[in-house]
Amino acid sequence: MSATLPVFAIERHRLATDGQGVTTLVGAYGCPLQCRYCLNPHAWNPSTLKVCKYMTPEQLYEKVKIDNLYFLATGGGVTFGGGEALLHAPFITVFRQVCGPGWHLAAETSLHVPSESLTQVLGVLDEFIVDIKDMDETIYESYTGQPQGPLEENLRLLAVSMPPECVKIRVPRIPSYNTDDSIQKSVERLKELGFTQMEVFDYILRK
């Protein structure tokens, strides 16, 4: 059980990028994937980084509650990112108990986690923002270095556990990996599972 969260960033006053309303994004270390164009490769291993603060749920609450009025006025709150946010499901569960029901809590996730981690936060999080990479098994494994099975399993679980409006799925256009055809197939597959909130976008590669 995670008594503390290895935090590398707390970004305040985010709007329309990480969930509804005014949001504070909390970036935490740890990820089971090693995606070729990862925006936060430093999040893979906290032991290699210079900036890492381990925080308890109570400490994080004290840090972010400065924006309580913004959260309540706009329906916003805290979004957990990373890295892979759902690796810290026990922490998120306790944080909900600390912050109470008034804040909108969300997670940015690849869903490449044990199904038990997802199950633990189903009654805790208000929104899931899922980056699926690609629904094609070969493309997925080539890009992430991991099998696609956990994503497929957790998408099925999420589809029957959350209202479709509470799940936003990002379908990236990944240079040299997927194509417009594979992206369309991914979108069609997601629709078959019952998802309705999908965004196709381009990865912006670092130079």
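Everything below is about the structure shown above.
Summary of the structure given here.

1. What to know about the pairing of strand β5 (residues 104-109)
Move 1: Burial of β5 is extensive: six of the six residues sit out of reach of the surface.
Move 2: Bridge count for strand β4 (residues 77-81) against β5 is four bridges, and the pairing is parallel. Residue pairing across strands places glycine 77 opposite histidine 104, the latter belonging to β5.
Move 3: Pairing of β5 with strand β6 (residues 127-131) involves four bridges; the strand directions are parallel. Counterpart to alanine 107 in the pairing with β6 is phenylalanine 128.
Move 4: Handedness of the β5-helix α4 (residues 115-121)-β6 crossover: right-handed.

2. Some thoughts on the sheet that holds strand β8 (residues 197-202)
Move 1: Across the sheet, eight strands lie side by side as β3-β1-β2-β4-β5-β6-β7-β8; this open sheet has mixed pairing. Looking at which strands have only one partner, the edges of the open sheet turn out to be β3 (53-55) and β8. If you compare each strand with its neighbour and ignore which way they point, the axes differ by 30 degrees on average.
Move 2: Sheet contacts for helix α3 (residues 89-99): β1 (5-15), β3, β4 and β5; angle to β4, the most-contacted strand, approximately 170 degrees.
Move 3: Helix α7 (residues 180-193) rests against β7 (167-173) and β8 of the sheet, and its axis sits at about 165 degrees to β7.

3. Looking at α3
Move 1: Here α3 lies mainly inside the structure; eight of its 11 residues are buried.
Move 2: Of all the residues in α3, the buried ones are Ala89, Pro90, Phe91, Ile92, Thr93, Phe95, Arg96 and Cys99.
Move 3: Buried positions along α3 lie against β1, β3, α1 (57-64), β4, β5 and α4.
Move 4: Backbone geometry just downstream of α3 places glycine 100 in the positive-phi region, at approximately 85 degrees.

4. Thoughts on the packing of helix α6 (residues 149-161) against α7
Move 1: Packing of α6 against α7 brings their axes to within 10 Å, and their N-to-C directions diverge by 40 degrees. With respect to α7, the element α6 is oriented oblique. Facing α6, whose interface residues are Glu152, Leu155, Arg156 and Ala159, α7 presents Arg189, Leu190 and Leu193.
Move 2: Within the contact of α6 with α7, the residues separate by chemical class into four nonpolar, no polar and three charged.

5. Observations regarding the pattern of salt bridges
Move 1: Scanning all chains against the criterion turns up 15 salt bridges.
Move 2: The partner of aspartate 180 in a salt bridge is arginine 173, with the nearest N and O atoms 3.1 Å apart.
Move 3: Two residues, arginine 173 and aspartate 202, come together in a salt bridge whose shortest N-O distance is 2.8 Å. Of the two residues, arginine 173 is situated in strand β7 and aspartate 202 in strand β8; the sequence distance between them amounts to 29 residues.

6. A look at the side chain of glutamate 152
Move 1: Following the sequence through the fold, glutamate 152 ends up in helix α6.
Move 2: Not counting residues up to four positions away in its chain, the partners in contact with glutamate 152 are Met135 and Arg189.

7. Here we look at the packing of α1 against α3
Move 1: At a minimum axis separation of 9 Å, α1 and α3 run at an interaxial angle of 55 degrees. By the angle class used here, α1 and α3 are oblique. α1 and α3 meet at a crossing whose hand is right-handed. Residues Pro57, Glu58, Leu60, Tyr61 and Val64 of α1 form the contact with α3, whose participating residues are Phe91, Val94, Phe95, Val98 and Cys99.
Move 2: For the contact of α1 with α3, the residue count by class is nine nonpolar, no polar and one charged.

8. Description of unusual backbone geometry
Move 1: In this structure, glycine 83 follows glycine 82 across a cis peptide bond, with omega equal to 10 degrees.
Move 2: Its place among the elements puts glycine 83 in the loop between β4 and α3.
Move 3: A positive phi is found at lysine 133, a non-glycine position, where the angle reads about 70 degrees.
Move 4: Take lysine 133: it is sitting in the loop between β6 and α5 (137-144).
Move 5: Residue classification places lysine 133 among the buried positions, given a relative accessible area of 10%.
Move 6: We note that serine 176 has phi near 75 degrees; this positive angle belongs to a residue other than glycine.
Move 7: Along the chain, serine 176 turns up in the loop between β7 and α7.

Criteria and cut-off values
- Residues numbered from 1 in each chain as written.
- Predicted model: local features only at pLDDT ≥ 70, side-chain atom pairs only at ≥ 80, totals over all residues.
- Heavy atoms only, no water.
- Buried < 20%, exposed > 50% of the residue type's maximum accessible area, 1.4 Å probe, protein only.
- Helix = DSSP H or I, 4+ residues; strand = E, 2+ residues; numbered from the N terminus.
- Pairing = 2+ DSSP bridges.
- Right-handed = clockwise from strand over helix to strand, strands pointing away.
- Axes fitted to C-alpha atoms, helices over the stretch in contact; angles between N-to-C directions.
- Contact = heavy atoms within 4.5 Å.
- Parallel < 35°, antiparallel > 145°, perpendicular 65-115°, else oblique.
- Nonpolar A, V, L, I, M, F, W, Y, C, P; charged D, E, K, R; others polar.
- Salt bridge = Lys/Arg side-chain N within 4 Å of Asp/Glu carboxyl O.
- Left-handed = near helix turned anticlockwise from the far one by under 90°.

Bear in mind that shape data such as this cannot, by itself, settle questions of function.
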